[in-house]
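# Coordinates in review
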Amino acid sequence: MNRLICIWAALAIMAAAAPEALALDGSWRGELTLGRTSLPLVFNFSETESGETRCTLDSPAQGAKGIPTEVTYCSADSISLTVSSIGASYAGSVSSGLIKGHFSQRGYRFPLDLAPEAPEACEAERRPQTPAPPFPYTATDTAFTARDGAVMSATLTMPLDADSRKIPAVVMVTGSGPQNRDEELFGHRPFAVIADYLARRGIATLRYDDRGTGRSGGDFATATTYTFRDDAAAGIDFLRSVGCIGPTGVLGHSEGGTVAFMLAADGKADFVVSLAGMAIPGRETIMRQNRRSLAMSGLSEADMYNSLRMIELIFDAIAEQSGRGETAPVDIDALAAREGVSVPAAIMPQLRQVDRMRSPWLDAFLALDPRLYLAKVRCPVLALNGDKDTQVSPDNLEVIRGLVPHAEVMPMPGLNHMMQHAATGEVAEYAEISETISSDVLDAVARFIAASSE
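These lines cover the structure that appears in this document, whether it is placed above or below. (Residues numbered from 1 in each chain as written. Predicted model: local features only at pLDDT ≥ 70, side-chain atom pairs only at ≥ 80, totals over all residues. Heavy atoms only, no water.)

### A short note on the environment of Ala317
Note that Ala317 resides in helix α6 (residues 301-323). What makes Ala317 buried here is its relative accessible area of 17%. Between the C-alpha atoms of Ala317 and Ala328, which are 11 residues apart in sequence, the distance is 9.9 Å. (Helix = DSSP H or I, 4+ residues; strand = E, 2+ residues; numbered from the N terminus. Buried < 20%, exposed > 50% of the residue type's maximum accessible area, 1.4 Å probe, protein only.)

### Some words on the pairing of strand β14 (residues 245-253)
A regular strand places its side chains so that they alternate between the two faces of the sheet. Across the nine residues that make up β14, a large majority, seven, are buried. For strand β12 (residues 167-173) and β14, the ladder comprises six bridges, and the chain directions are parallel. Residue Ala169 lies in a different strand from β14, and its bridge partner there is Thr248. Where β14 lies against strand β15 (residues 272-275), four bridges are found, and the strand directions are parallel. Counterpart to His253 in the pairing with β15 is Leu275. (Pairing = 2+ DSSP bridges.)

### Let's talk about the pattern of salt bridges
Under the criterion given, the structure shown has 25 salt bridges. The closest approach of N and O atoms between Arg165 and Asp161, which form a salt bridge, is 3.0 Å. According to the relative accessible area criterion, Asp161 is partly exposed, its value standing at 35%. In this structure, Asp182 and Arg189 form a salt bridge, with 2.9 Å as the shortest nitrogen-oxygen distance. The class for Asp182 is buried, based on a relative accessible area of 9%. Among the charged side chains, a network of salt bridges with common partners joins Asp141, Arg181, Asp209 and Arg215. (Salt bridge = Lys/Arg side-chain N within 4 Å of Asp/Glu carboxyl O.)

### So, helix α4 (residues 255-265)
With 11 of its 11 residues buried, α4 lies for the most part within the structure. Regarding α4, the residues found buried are Glu255, Gly256, Gly257, Thr258, Val259, Ala260, Phe261, Met262, Leu263, Ala264 and Ala265. Count one or two residues on from α4 and you reach Gly267, which has phi positive near 75 degrees.

### A closer look at unusual backbone geometry
The step from Pro133 to Pro134 runs through a cis peptide bond, and the omega angle for that step is 5 degrees. Mapped onto the secondary structure, Pro134 falls in the loop between α1 (123-126) and β10 (137-145). The phi dihedral of Met419 is positive, around 65 degrees, even though this residue is not glycine. Relative to the helices and strands, Met419 resides in the loop between β17 (408-412) and α13 (439-452).

### Describing the sheet that holds strand β16 (residues 381-386)
Read from one edge to the other, the open sheet built from eight strands follows the order β10-β11-β13-β12-β14-β15-β16-β17, with strand pairing classed as mixed. Two strands lie at the open edges of the sheet, namely β10 and β17, each paired on one side alone. Across the sheet, the mean angle separating the axes of adjacent strands is 20 degrees when strand polarity is ignored. Where β10 meets strand β11 (residues 151-159), nine bridges bridge the pair, whose relative direction is antiparallel. Pairing of Tyr137 across the sheet is with Pro159, part of β11. In the packing of helix α12 (residues 396-403) onto the sheet, the strands contacted are β16 and β17, and the crossing angle to β17 comes to about 170 degrees. (Axes fitted to C-alpha atoms, helices over the stretch in contact; angles between N-to-C directions. Contact = heavy atoms within 4.5 Å.)

### What about helix α10 (residues 360-367)?
The buried fraction of α10 is high, at six of eight residues. Every buried residue belonging to α10 is among Trp361, Leu362, Asp363, Ala364, Phe365 and Leu366, and all of these are buried. The inward-facing, buried residues of α10 abut α3 (225-240), α4, α5 (282-295) and α6.

### Focus: the packing of helix α2 (residues 190-199) against α13
Relative orientation of the contacting elements α2 and α13 amounts to 50 degrees, with a least axis distance of 10 Å. The angle between the axes of α2 and α13 places the two elements in the oblique class. When you trace α2 past α13, the crossing you get is right-handed. Facing α2, whose interface residues are Val193, Ile194, Tyr197 and Leu198, α13 presents Leu442, Asp443, Val445, Ala446 and Ile449. (Parallel < 35°, antiparallel > 145°, perpendicular 65-115°, else oblique. Left-handed = near helix turned anticlockwise from the far one by under 90°.)

### Focus on the packing of aromatic side chains
Scanning all chains against the criterion turns up six aromatic pairs. Ring geometry for Phe144 versus Tyr208: centroids 5.3 Å apart, planes at 90 degrees, classification edge-to-face. Of this pair, Phe144 sits in strand β10 while Tyr208 sits in strand β13 (residues 204-208), and the two are 64 residues apart along the sequence. Feature note: the residues Phe144, Tyr208 and Phe238 constitute an aromatic cluster, connected by ring pairs. Residue placement shows Arg201 over the ring face of Tyr197; its charged tip is 3.5 Å from the ring centre. (Phe/Tyr/Trp six-rings, centres within 6.5 Å; stacked < 30°, edge-to-face > 60°. Lys NZ or Arg CZ within 6 Å of the ring centre and 35° of its normal.)

### Points about the packing of α3 against α4
Between two packed helices, what matters for the description is the angle formed by their axes and the separation of those axes. In contact at an axis separation of 9 Å, α3 and α4 are set at 65 degrees when each is read in the N-to-C sense. Between α3 and α4, the crossing angle belongs to the class labelled roughly perpendicular. The hand of the α3/α4 crossing is right-handed. Taken together, the residues of α4 that come into contact with α3 (itself represented by Thr225, Tyr226, Phe228, Arg229, Ala232, Ala233 and Ile236) are Glu255, Val259, Met262 and Leu263. Grouping the amino acids of the contact of α3 with α4 by side-chain chemistry returns eight nonpolar, one polar and two charged. (Nonpolar A, V, L, I, M, F, W, Y, C, P; charged D, E, K, R; others polar.)

Put into structure tokens, the structure is as follows:
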């Protein structure tokens, strides 16, 4: 699930800049250590026509680019910077081709050393699986209309021999968060890779920009998992209107896998492929994500317990409001005082952000229980999870196995949430891995669709 609802997020980052005398043109990289994890940062320096040095920050693991900075002090051997948007500051000294320094935020101070980064490899080397022409299939820009009238911009990929037979086809549903039709993240385009692989094996695909994203209409901010289910259902109807299309299924990643189960329960899909699909309740998934993040932050057991307890109380308050059809802000401080929960001062600002993060999606997701849908699934199912998935735990497969006895359930050794071979499975690795999606996953998906369509 790409929309991480982690209350204890990594501390926000700042960027560094310096004048021409420091020769900081180009990109500089450093590793910010946060508890037992680290966050890679890339600072991109450039010079204006007037000689002013400017800088932007990329945080590859978080998908953040172009964070502006301000140079507040500069000399021949030192720099000082601020990033007002995140309330951070940085001070460093330049020595032997390195910038050695610290950044400070909300009372915390961490070492951060920067070194020039080697020129980035070409895209084909960084992401070797990204499809490149010539293509032995057709890929056509098209569109279909969702239930509420939103026009969804899409790509229909068809094998060249499509007119000579009825071919199987799948609608591809992205994970949570606004994503384009390729489910693009950190330069990876997993849905484009899957569509290419399947087309070369005689299987058609329809992939589309999420509503309110890319070229699709509609409003993403007011959408819920149920809205995404309806959008995918409209995609199925569109595919079935194409004359040469035969059996039609759904391939979903993360939240998209849950959407696939929902459509199967409604009898809309002829088969289902779930890649890291959530089978346990949404609230439990979010709590697991927060528990893992807190455990990696270096908090004491007592502080971790109280922080998790407070998150539970916030979710209880949201659920109670949702049951009454209300969306009033949750007074985090009053709630903590009333319940007698002592939360570390560094955590409270993160908790207060819950109201800013709150949306119809979050309210609905906290109440979502995919098990109610899984029990109704009768069509063929392929479910895969990487055993190093840190976003949707691999034990979701056991829930699927128990509720859908006929499902083909495949734990994938060494793979993370994005179905990449990984060392730890942490989100911070996604951008650093050149593999977009394991060939074992691609092969399993193609074989399953072919067998389910005979």
